[in-house]
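# Per-entry structural report
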Amino acid sequence: MTSFLNDLKSLKFNYKLGKKTWFGTGGNSTFYIEINSEINLQKLLKLLPLSMPIFVLGAGSNIIVRDGGFDGLTIKLKGNLKKINYDKNKNFLTIGGAVKDSTISKFCEDNSITDFEFLRGIPGTLGGNIMMNAGCYGKAISDNLISCNVICRNGKVNYLKKEEIKFSYRKSSIDSRFIVTSATFKVKNLCKKKILKKIAKISTTRSSTQPINFRTGGSTFKNPPNESAWKLIDKINYRGKRIGDASVSEKHANFLINNNYAKSLDLEMLGEEIKENIKRKYNVNLDWELLRIGKFKKI
Ligand SMILES: Cc1cc2nc3c(=O)[nH]c(=O)nc-3n(C[C@H](O)[C@H](O)[C@H](O)COP(=O)(O)OP(=O)(O)OC[C@H]3O[C@@H](n4cnc5c(N)ncnc54)[C@H](O)[C@@H]3O)c2cc1C
């Protein structure tokens, strides 16, 4: 196990946080540290003044870091927090907070575990999924959840049963200052052939409908009740619209893209322009699904 001292040695200043997101835009984090175990995370949080803002970076697939950067400490989970443990007798699967979705879905495929096929198309990590209640094609990460282990801002471990958490569309009620270190799921088996068929279907649908080879952050807005955000965006003809080097994807109207040199401000202004137009024309309030952190850059 990596010692706390070794984890402390990973501390960096003025870390290029924006570059680590899927959009690849935005400023730096004042501090950055990599933490390899739950115990080390507890030690770190106990050391930090409660006033120090912290941000946990998963795969950075659902965030825009603003151009002025984040004044605080970014924590990246690694090591032991990337482990998966499968208890075949109880049919329990415990997944570390830093495990990537592609790793989870491959593990499940290899062990003939069903209901996690949908993660093949989501580029996040377990911790981000729980906080966002990630999902697609009728499945969400909270479906088979039993409990989560979280570390509170004061360093204390908290065990949360699913019943204690309110999950809704792309939202969980877990305190945003808590850090998810693992989650346990009740799982069931299915023959590998059927699992592979489901995965193949998801992969084909994804690649034909989403700009997966671009710098994007997935869905920009949540779907309003009984409507699709992309349909509303199409109604105002925003496919291909640009601000600076940011644009609305030609393939999926609810995806924003950094074509190369976009600033976070370009992405955010494009999103706000869409919101404004849709409110004015259709009186619908679009709600950002992308999270935005940090501060605007002074010009
Ligand atoms: C091409 C593409 C397709 C996508 N498709 C989908 C989709 O179909 N369905 C869907 O739901 N989403 C989708 N997304 C969005 C995104 O992948 C999910 O929201 C994912 O769950 C975010 O996980 P992450 O690890 O990248 O989180 P990040 O973007 O790094 O962070 C998101 C939030 O989670 C918090 N967080 C991350 N890890 C932890 C942790 N361990 N403990 C506490 N908080 C944590 C962060 O602090 C932040 O507040 C897509 C994104 C892209 C780029």
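Scope of this entry: the structure provided in the associated data block. It should be emphasised that the depicted structure is a prediction, and the values quoted were computed from it without experimental measurement. (Residues numbered from 1 in each chain as written. Predicted model: local features only at pLDDT ≥ 70, side-chain atom pairs only at ≥ 80, totals over all residues. Heavy atoms only, no water.)

## Focus: the site of the ligand
Just so we agree on the cut-off: We call a residue near a molecule or strand whenever a single non-hydrogen atom of that residue lies within 4 Å of it. Between N or O atoms, a polar contact is any pair within 3.5 Å; within protein, one atom must be a potential hydrogen donor and the other a potential acceptor, and residues adjacent in sequence are included only when both atoms are from side chains. Surface exposure here means Shrake-Rupley accessible area, sampled with a 1.4 Å probe, where a residue is shielded only by the protein chains that are shown. Secondary structure elements follow DSSP: runs of H or I no shorter than four residues count as helices, runs of E no shorter than two count as strands, and numbering proceeds from the N terminus. Nonpolar residues are Ala, Val, Leu, Ile, Met, Phe, Trp, Tyr, Cys and Pro. Charged residues are Asp, Glu, Lys and Arg, and all others, Gly as well, are polar.
Val 56, Ser 61, Thr 125, Gly 135 and Arg 206 are the nearest of the 32 residues found near the ligand. Within the backbone of Val 56, a nitrogen or oxygen atom sits 2.6 Å from an oxygen atom of the ligand. A distance of 2.6 Å separates an oxygen atom of the ligand from a polar atom in the side chain of Ser 61. Within the complex, the protein chains bury 94% of what would otherwise be the 970 Å² of accessible surface of the ligand. Among the elements of the structure, strand E3 (54–57), helix H4 (126–132), strand E8 (135–136), strand E14 (179–186) and strand E15 (215–219) are those that each provide at least two residues to the shell around the ligand. Considering each element in turn, the shell around the ligand owes the most residues, five residues, to H4. Across the shell around the ligand, the residue classes tally to 17 nonpolar, 13 polar and two charged.

## Digging into the state of the cysteines
What counts here: Cysteine sulfur pairs qualify as disulfides if the two atoms are within 2.5 Å. Buried means the residue's accessible area, taken with a 1.4 Å probe over protein chains only, is under 20% of the maximum for its type, while exposed means over 50%, and partly exposed covers the values in between.
In total, this model carries zero disulfides according to the counting rule given. The thiol sulfur of Cys 136 is not disulfide-bonded, and the nearest other cysteine sulfur, from Cys 108, lies at 14 Å. Left without a disulfide partner, Cys 191 is nearest to the cysteine sulfur of Cys 108, which lies 15 Å away. Here Cys 191 falls in the partly exposed class, since its relative accessible area comes to 42%.

## Overview of the pairing of strand E2 (residues 29–35)
Here is the rule: We treat two strands as partners when DSSP finds at least two bridges between them.
Bridging between strand E1 (residues 12–15) and E2 involves three bridges; their strand directions are antiparallel. From the neighbouring strand, Phe 13 faces E2, where its bridge partner is Phe 31.

## So, the pattern of salt bridges
Under the convention used in this document: Should a side-chain nitrogen of Lys or Arg be within 4 Å of a carboxyl oxygen of Asp or Glu, the pair is scored as a salt bridge.
On inspection of all chains with the given rule, the structure shows 15 salt bridges. Notably, a salt bridge pairs Lys 295 with Asp 71, separated by 3.1 Å at the nearest N-O pair. With Lys 295 in the segment after strand E19 (291–293) and Asp 71 in strand E5 (residues 70–77), this residue pair connects regions lying 224 residues apart in the sequence. With relative accessibility at 38%, the residue Lys 295 sits in the partly exposed group. A salt bridge links Glu 272 to Arg 292; the shortest N-O distance between them is 3.8 Å. Of the two residues, Glu 272 is situated in helix H7 (residues 264–282) and Arg 292 in strand E19; the sequence distance between them amounts to 20 residues.

## Regarding a nonpolar patch on the surface
Using the following cut-off: Residues enter patches when their relative accessible area tops 30% and they take part in no salt bridge; the joining distance is 9 Å for like charges and 5 Å for the nonpolar side chains Val, Leu, Ile, Met, Phe, Trp and Tyr.
A cluster of nonpolar side chains, namely Leu 265, Met 269, Phe 296 and Ile 299, defines an oily patch on the protein surface of about 470 Å² accessible area. With respect to the helices and strands, Ile 299 occurs in the segment after E19.

## So, a positive patch on the surface
Quick note on the threshold: Positive charges come from Lys and Arg alone, negative charges from Asp and Glu alone, with His and the N- and C-terminal ends not counted. Positions of charges follow a simple convention, taking NZ of Lys, CZ of Arg, CG of Asp or CD of Glu.
A cluster of basic side chains, namely Lys 16, Lys 19, Arg 215, Lys 263 and Lys 297, defines a positive patch on the protein surface. Along the polypeptide, Lys 19 turns up in the loop between E1 and E2.

## Topic: empty space enclosed by the protein
Test applied: Grid points spaced at 1 Å over the protein atoms alone were grouped into cavities, where a 1.4 Å probe fits but cannot get out, and pockets, open sets with protein on both sides within 12 Å along at least five of seven lines, with lining residues defined by an atom within 4 Å of a point. Grid points are joined across faces, edges and corners, and a volume is the space filled by probe spheres set on the points.
Using the criterion set out here, one finds one cavity of 30 Å³ or more in the structure. Considering only enclosed or pocket space, the largest cavity measures out at about 50 Å³ in volume. Together, Asp 115, Phe 116, Phe 118, Lys 139, Ala 140, Ile 141, Asp 143, Asn 144 and Phe 185 line the largest cavity. Within the lining of the largest cavity, the residues separate by chemical class into five nonpolar, one polar and three charged.

## What to know about the layout of surface pockets
For clarity, the cut-off: For every domain, the bounds stem from an assignment made automatically or drawn from a database.
The volume enclosed by the second largest pocket comes to roughly 260 Å³. For the lining of the second largest pocket, the class distribution of residues is three nonpolar, six polar and five charged. Of the domains in this structure, domain 1 (4–79) and domain 3 (211–293) are the two that each give at least three residues to the lining of the second largest pocket.

## Notes on the nonpolar core
Among soluble globular proteins, nonpolar side chains are generally buried collectively. Keep this limit in mind: What is meant by a nonpolar core is a set of buried Ala, Val, Leu, Ile, Met, Phe, Trp, Tyr and Cys residues, joined one to another through side-chain atoms within 4.5 Å. Residue contacts are defined here by distance: any two heavy atoms, one from each residue, within 4.5 Å place the two residues in contact.
Within the largest apolar cluster, 29 residues are counted, with the highest numbers of intra-cluster contacts made by Leu 93, Ile 104, Phe 116, Leu 126, Ile 130, Cys 148 and Phe 185. Looking at this core, the elements that each hand over two or more residues are strand E7 (92–96), helix H3 (101–110), H4, strand E10 (145–151) and E14. Apart from residues no more than four positions distant in its own chain, Ile 130 is found in contact with Ile 141, Leu 145, Cys 148, Phe 167, Ser 172, Ile 174, Val 180, Ala 183 and Phe 185. Listed in part, the 22 residues of the second largest apolar core include Phe 221, Tyr 238, Leu 256 and Leu 290.

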